[in-house]
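Fold and geometry: a report
One letter stands for each residue in the lines below.
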Amino acid sequence: GLGTINMRLKEAKRGFFDREAVISATTRADRRVLSKFGAYVRTRARTSIRPNKGTSQHGEPPYSHVGYLRRMIFFAFDQQKRSVVIGPVLLNARNKDVPSLLEYGGTAVRRRWGKARTVFYAPRPYMRPAFEEEVKNVSKKWKDSVR
C-alpha cells in the first residue's frame with residue numbers, strides 16, 4: 001500500500017523486515033521480494049524529492065527545503081494485509097498532514113501570527129509515481145503482494 005504509514009516511527013519499526021515477528025510471519029522468498037520492492041520504491045520516492053528553493057510545479061514531486069519528508073519515508077510489513085506498506089510515517093509536528101496534502105492535494109487551516117487561514121495544496125505526488133515505476137519490475141508471481 002501507499003500513502004502515509006498510519007503509525008509513528010516506533011510502531012513502523014515493528015514491521016521492519018529484520019524483526020523476529022516479521023521473520024516468523026513470512027517466508028524467506030516473501031521477505032526478499034517485499035523488502036526489495038519496499039526499498040526500491042522508498043529510494044525512488046526519496047530521490048524524486050530534490051533539494052531546491054521555492055515551490056515545485058503542480059504534478060511534480062515537492063522540493064525539499066529541510067529534508068525531513070525525505071528522511072521520514074519508510075517501508076514495513078503489514079501483517080494484516082500480508083503486504084508491504086511504503087510511505088512517510090506520521091509526523092509529530094503540528095503540520096502532520098503535510099505529507100498527505102503534498103501527495104494528493106487538498107486544503108488545510110494554518111495559523112500564522114495568531115491568524116487562521118485556509119491554504120490550498122496542489123497535488124505534488126512523490127509516492128504514487130515511485131510505486132508505479134517500480135511495480136513494472138515486479139514479476140507476475142509477486143504482483144498480488146505489492147498493492
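Here, every reference points to the structure presented above.
Thresholds applied
Residues numbered from 1 in each chain as written. Predicted model: local features only at pLDDT ≥ 70, side-chain atom pairs only at ≥ 80, totals over all residues. Heavy atoms only, no water. Helix = DSSP H or I, 4+ residues; strand = E, 2+ residues; numbered from the N terminus. Contact = heavy atoms within 4.5 Å. Polar contact = N/O pair within 3.5 Å; in protein donor to acceptor, adjacent residues only side chain to side chain. Salt bridge = Lys/Arg side-chain N within 4 Å of Asp/Glu carboxyl O. Buried < 20%, exposed > 50% of the residue type's maximum accessible area, 1.4 Å probe, protein only. Phe/Tyr/Trp six-rings, centres within 6.5 Å; stacked < 30°, edge-to-face > 60°.

A separate point is the environment of R124. Counting through the fold element by element, R124 comes out in the loop between β4 (115-121) and α6 (127-135). As for R124 and P62, which are separated by 62 residues in sequence, their C-alpha atoms are 5.6 Å apart. Discounting residues that sit within four places of it in the chain, R124 has contacts with T55, S56, Q57, H58, G59, E60, P61, P62, L102 and E103. Within polar-contact distance, the side chain of R124 engages the backbone oxygen of S56 at 2.9 Å.

This part covers the pattern of salt bridges. Between side chains of opposite charge, pairing is possible as soon as their charged atoms come close. With the rule as written, the count across this model stands at three salt bridges. One salt bridge in this structure joins E134 and R44, with 2.8 Å as the shortest N-O distance. Taken together, the positions of E134 in helix α6 and R44 in helix α3 (residues 28-48) put the pair 90 residues apart, joining distant regions of the chain. Between E133 and K136 there is a salt bridge whose closest N-O contact spans 3.1 Å.

What follows covers the side chain of S56. Mapped onto the secondary structure, S56 falls in the loop between α3 and α4 (68-71). On the basis of relative accessible area, S56 is assigned to the buried category, the value being 5%. Within polar-contact distance, the side chain of S56 engages the backbone oxygen of P61 at 3.0 Å. If we skip the residues at most four places from it in the chain, S56 touches P61, P62, Y63 and R124.

Using the criterion set out here, one finds four aromatic pairs in the structure. Aromatic side chains F17 and F77 sit 6.1 Å apart centroid to centroid with 70 degrees between the ring planes, which places their arrangement in the edge-to-face category. Taken as a pair, F17 in the loop between α1 (9-13) and α2 (20-25) and F77 in strand β1 (residues 73-78) lie far apart in primary sequence, 60 residues in all. Comparing F17 with F77, the two get one shared label, buried. Plain terms: the ring middles of F37 and F131 are 5.5 Å apart, the flat faces sit at 90 degrees to each other, and that makes the pair edge-to-face. Note that F37 is positioned in helix α3 and F131 in helix α6, a separation of 94 residues in sequence.

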